[in-house]
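# Secondary and tertiary structure notes
Here are the chains, one letter per residue:
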Amino acid sequence: MRPIIACFAVALSACAPQYVETVVTDEQDLPVRRATFAANPSPLDDAFRSSCNAPGDELRNVSRSVVQCRILPPPDVAAFLLLRYDGALEAPTLVVQKETDRDDEAYVVELSYFAEVVQKSGNPRRIYIRQRALDQLMDQLLIATGGVADS
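Just so you know, these numbers come straight off a predicted model, no measurement behind them. Residue indices follow the written sequence of each chain, beginning from 1 at its first position. Whole-chain, interface and lining totals are the exception, using all residues; otherwise, since this is a predicted model, local features are given only for residues with pLDDT of at least 70 and side-chain atom pairs are given and counted only at 80 or more. Side-chain numbers come from the whole structure's heavy atoms, not from hydrogens or water.

Now for the nonpolar core. The tendency in soluble globular proteins is for nonpolar side chains to be buried as a group. The criterion is simple. A nonpolar core is a set of buried Ala, Val, Leu, Ile, Met, Phe, Trp, Tyr and Cys residues joined through side-chain atoms within 4.5 Å. For each residue, the accessible area found with a 1.4 Å probe, counting protein chains only, is set against the maximum for its type, and the residue is called buried under 20%, exposed over 50%, and partly exposed in between. Counting residues in hydrophobic clusters, the biggest one holds 27 residues, and the most contacted among them are F37, L44, L81, V96, Y113, V117 and L142. Every element with two or more residues in this core is listed here: β2 (33-37), α2 (42-51), β4 (66-71), α3 (75-84), β5 (93-103), β6 (106-118), β7 (124-130) and α4 (132-144). The way it works is that DSSP assigns letters per residue, a run of H or I at least four long becomes a helix, a run of E at least two long becomes a strand, and they are numbered from the N terminus. Ranked by residues supplied to this core, first place goes to β6 with six residues.

See the structure below:
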């Protein structure tokens, strides 16, 4: 899982001018990578939690089903996000989010990633920056830990 987090930071800094962005205003609009697990996806849970341990990383339990790894971006990425999205002078955050729900007799896991920039109004703004390599890496992680990727 740590490669996913590292790829996210590198992809943002390397591709800032060429990315495809979607500004998300509703969490339901957040693009996700999804897989179904026949049993409790504890290997994925363990990998997700153990990968969020670098200095500055914060593992946050948002709800019973949602866990986030919040990462401080490199200074150049933080500056880019603040300027591009008219952020307050508060460090933006890169977020990798895992949501697990029970669906009949299976577990459905959704992984997503986005940048969160606090606005001058005090409200955070989520920005999804699509990185195909990161999407593929997340799909591989879901499959490697026992999931069946949804199309």
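Considering the arrangement of structural elements, one finds K98 in strand β5. Contacts described as polar in this section are N or O atom pairs within 3.5 Å, which, within protein, must combine one atom able to donate a hydrogen with one able to accept it, while residues neighboring in sequence count only if both atoms come from side chains. Here the side chain of K98 touches D45 through a polar contact of 2.8 Å, side chain to side chain. The contact definition used throughout considers only heavy atoms, calling two residues in contact when any of these lie within 4.5 Å. Once you skip the residues sitting within four places of it in the chain, K98 turns out to touch L44, D45, F48, S65, V66, V67, V109, E110 and L111.

Turning our eyes to something else, we now look at α2. Three or more residues of α2 are buried, namely L44, D45, A47, F48 and S51. For α2, the buried positions fall inside an angular range of 165° around the axis, keeping them on one side. Think of the arc as the fan of directions from the helix axis to the C-beta atoms.

This part is about α4. What a helix should span is 1.5 Å times the count of its residues minus one. Between its terminal C-alpha atoms α4 stretches 18 Å, which fits the 18 Å expected from 13 residues at 1.5 Å a residue. If you check which residues of α4 are buried, you get L134, D135, M138, D139, L141 and L142. Seen from one end, α4 has its buried residues packed into an arc of 160°, which puts them on one side. The exposed residues of α4 that point more than 90 degrees off its buried face are R132, A133, Q140 and A144. At the exit of α4 stands G146, carrying a positive phi of roughly 105°.

A positive phi angle is found at D86, which is not glycine, with a value near 50°. Of the residues examined, D86 reaches a relative accessible area of 45% and is grouped as partly exposed.

With that settled, consider the pattern of salt bridges. Salt bridges are identified by distance alone: a Lys or Arg side-chain nitrogen within 4 Å of an Asp or Glu carboxyl oxygen. Counted under the stated rule, the structure contains eight salt bridges. D135 serves as the salt-bridge partner of R33, at 3.9 Å between the closest nitrogen and oxygen. Of the two residues, R33 sits in strand β2 while D135 sits in helix α4, which places them 102 residues apart along the sequence. Of the charged contacts in the structure, one is a salt bridge between D45 and K98, with a shortest N-O distance of 2.8 Å. In this pair, D45 sits in helix α2 while K98 sits in strand β5, placing the two residues 53 residues apart along the sequence. Taking relative accessible area as the criterion, D45 reaches 18% and is therefore assigned buried.

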